[in-house]
Amino acid sequence: EAGVAQSPRYKIIEKRQSVAFWCNPISGHATLYWYQQILGQGPKLLIQFQNNGVVDDSQLPKDRFSAERLKGVDSTLKIQPAKLEDSAVYLCASSFGTSETQYFGPGTRLLVL
Amino acid sequence: AQSVTQLGSHVSVSEGALVLLRCNYSSSVPPYLFWYVQYPNQGLQLLLKYTTGATLVKGINGFEAEFKKSETSFHLTKPSAHMSDAAEYFCAVRGSGYALNFGKGTSLLVTP
């Protein structure tokens, strides 16, 4: 079974630029998560989708971050404009249902200069 | 709110020695607890999880963890460390919305 796919794997941008990340979950997984992992810390939830609806976006900095999952399958996470403190690894995870095991993608490593 | 605290950001063991990574949790409801491993430049891989039932949970790669409610702990152990075990280990607890709340991680170093 194919795992969670993410692209790009690495991205370097300058502050105030915009960037977008893509995630394709495991086939059939209804729940999709985006986590932010800052160096030296554990992942922190940014947003959780159930199919194409948002379940939890309480920790998403909505003034600069946005995410969508229009068809209930793949998802994009956007940052506009980026700040230095957004440098992190952005992890996508999916699960069959909200109470099931989460499977993680390889992550996108973002460096903001 | 549910949270976990991992004791020790770095742990070093000799190859063949016991691995013990510590995790304490705080939860107002019966917790669902997880250990994930992260190798360099890779995503997180589930080692094991505790939901209900047997308090000693066995996972992949010879790891196991014991849920101790009286101590609010979920420590990860492996009887004999292998060089390939060197990685970052994360303890996590399921939050109210089913997302995971992670600890800060413990970096395991295995020396020959």
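Just so it is clear, the model here is predicted, and its values are computed rather than measured.

With that out of the way, let us pick up the overall build of chain A. Per the secondary structure count, chain A includes zero helices and 11 strands. For chain A, the sequential pattern of α-helices and β-strands runs β-β-β-β-β-β-β-β-β-β-β. For 113 residues, the compact-globule estimate of 2.2 N^0.38 gives 13 Å, and the C-alpha radius of gyration of chain A, at 13 Å, lies within 12% of that figure. The contacts of chain A with a sequence gap of at least 6 include a subset with a gap of at least 24, amounting to 53%. Total accessible area computed for chain A in this model is approximately 5,600 Å², and 51% of it derives from carbon and sulfur atoms. The average position of the 12 basic charges and that of the 10 acidic charges among the side chains of chain A differ by 7 Å.

Right, let's get into the sheet that holds strand β8 (residues 75–79) of chain A. Sheet strands pair via backbone hydrogen bonds, and the direction of the pair is either parallel or antiparallel. All names here are of chain A. Strand order in the open sheet formed by four strands is β1-β3-β8-β7, and the pairing between neighbours is antiparallel. Both edges of this open sheet fall to β1 (5–7) and β7 (65–68), since each of them pairs with a single strand only. Pairwise comparison of adjacent strand axes, ignoring direction, gives a mean angle of 15 degrees for this sheet.

A few words now on the side chain of Lys-78 of chain B. Inspection of the secondary structure assignment puts Lys-78 of chain B in strand β8 (residues 73–78). A polar contact of 3.0 Å, which involves the side chain of Lys-78 of chain B, links it to the backbone oxygen of Asn-61 of chain B.

Residues and elements named next belong to chain B. β8 sits mainly inside the fold: five of its six residues count as buried. Strand direction decides the pairing type here: strand β3 (residues 19–26) and β8, joined by four bridges, are antiparallel. Residue Asn-24 lies in a different strand from β8, and its bridge partner there is Ser-73. Taken together, the five bridges between strand β7 (residues 64–68) and β8 define a ladder with antiparallel strand orientation. Bridge assignment links Phe-67 to a residue of β8, and that residue is Phe-74. The hairpin formed by β7 and β8 contains four residues between the paired strands, and Thr-72 there has a positive phi angle of roughly 45 degrees.

The interface of chain A with chain B comprises 20 residues on the first partner and 17 residues on the second. With both sides pooled, the region where chain A packs onto chain B buries about 1,400 Å², and carbon together with sulfur makes up 51% of that total. Three residues stand out in chain A for area buried against chain B, namely Pro-43, Thr-101 and Phe-104 of chain A, and they jointly supply 29% of the buried area on that side. Counting across the interface, chain A meets chain B through zero salt bridges. The tally of links from chain A across to chain B stands at five residue pairs in polar contact (both at pLDDT 80 or more). Broken down by element, the side of chain A that touches chain B gets its largest block of residues, three residues, from strand β4 (residues 31–37) of chain A. Class assignment for the residues of the side of chain A that touches chain B results in eight nonpolar, 10 polar and two charged.

All right, on to the nonpolar core then. In summary, soluble globular proteins display a tendency toward joint burial of nonpolar side chains. Counting residues in hydrophobic clusters, the biggest one holds 27 residues, and the most contacted among them are Trp-35, Leu-48, Leu-76 and Tyr-89 of chain B. Formed by 21 residues, the second largest nonpolar core is a distinct cluster that contains Cys-23, Ile-26, Phe-49 and Val-112 of chain A.

Residue and element names in this part refer to chain B. Read from one edge of the open sheet, five strands run β1-β3-β8-β7-β6, paired in antiparallel fashion. Only two strands of the sheet have a single partner each, and these edge strands are β1 (3–7) and β6 (56–58). Strand-to-strand twist of the sheet, defined as the mean angle between neighbouring strand axes without regard to direction, takes the value 20 degrees. Sheet topology places β6 next to β7; three bridges connect them, and they run antiparallel.

Cut-offs and rules
Throughout, residues of each chain are indexed from 1 in the direction in which the sequence is written. Each chain is given a letter, starting from A, and each ligand a number, starting from 1, according to the order in which they appear as written. Per-residue local features of the predicted model are confined to residues with pLDDT of at least 70, and side-chain atom pairs are confined, for both listing and counting, to 80 or more; whole-chain, interface and lining totals are unaffected and use all residues. Neither water nor hydrogens contribute to the side-chain values; these are computed over all heavy atoms in the structure. Counting from the N terminus, the helices are the DSSP runs of H or I reaching at least four residues and the strands are the DSSP runs of E reaching at least two. With C-alpha atoms as the basis for the radius of gyration, the globule rule is written as 2.2 Å multiplied by the number of residues raised to the power 0.38. Residue contacts follow a heavy-atom distance rule, with two residues in contact if any of their heavy atoms lie within 4.5 Å. For every accessible area listed, the method is Shrake-Rupley and the probe measures 1.4 Å; residues are considered covered only by the protein chains on display. The convention is simple: Lys and Arg are positive, Asp and Glu are negative, and His and the chain ends are not counted. Each charge is placed at NZ for Lys, CZ for Arg, CG for Asp and CD for Glu. By the convention used here, strands pair only if DSSP detects at least 2 bridges between them. For every element, the axis is a line fit to its C-alpha atoms; helices are fit only across the contacting stretch, and the angle between N-to-C directions ranges from 0 to 180 degrees. Polar contacts, as used here, are pairs of N or O atoms within 3.5 Å; protein pairs need one atom able to donate a hydrogen and one able to accept it. Residues neighboring in sequence count only if both atoms are side-chain atoms. Classification of residues uses two cut-offs on accessible area relative to the type maximum, computed with a 1.4 Å probe and protein chains only: under 20% is buried, over 50% is exposed, and between them is partly exposed. Throughout, the accessible surface (probe 1.4 Å) given up by two parts as they are put together, summed over both, is called the buried area. Salt-bridge detection follows one rule: a side-chain nitrogen of Lys or Arg within 4 Å of a carboxyl oxygen of Asp or Glu. Under the scheme applied here, ten amino acids are nonpolar (Ala, Val, Leu, Ile, Met, Phe, Trp, Tyr, Cys and Pro), four are charged (Asp, Glu, Lys and Arg), and all others, including Gly, are polar. By nonpolar core is meant a set of buried Ala, Val, Leu, Ile, Met, Phe, Trp, Tyr and Cys residues that side-chain atoms within 4.5 Å join together.

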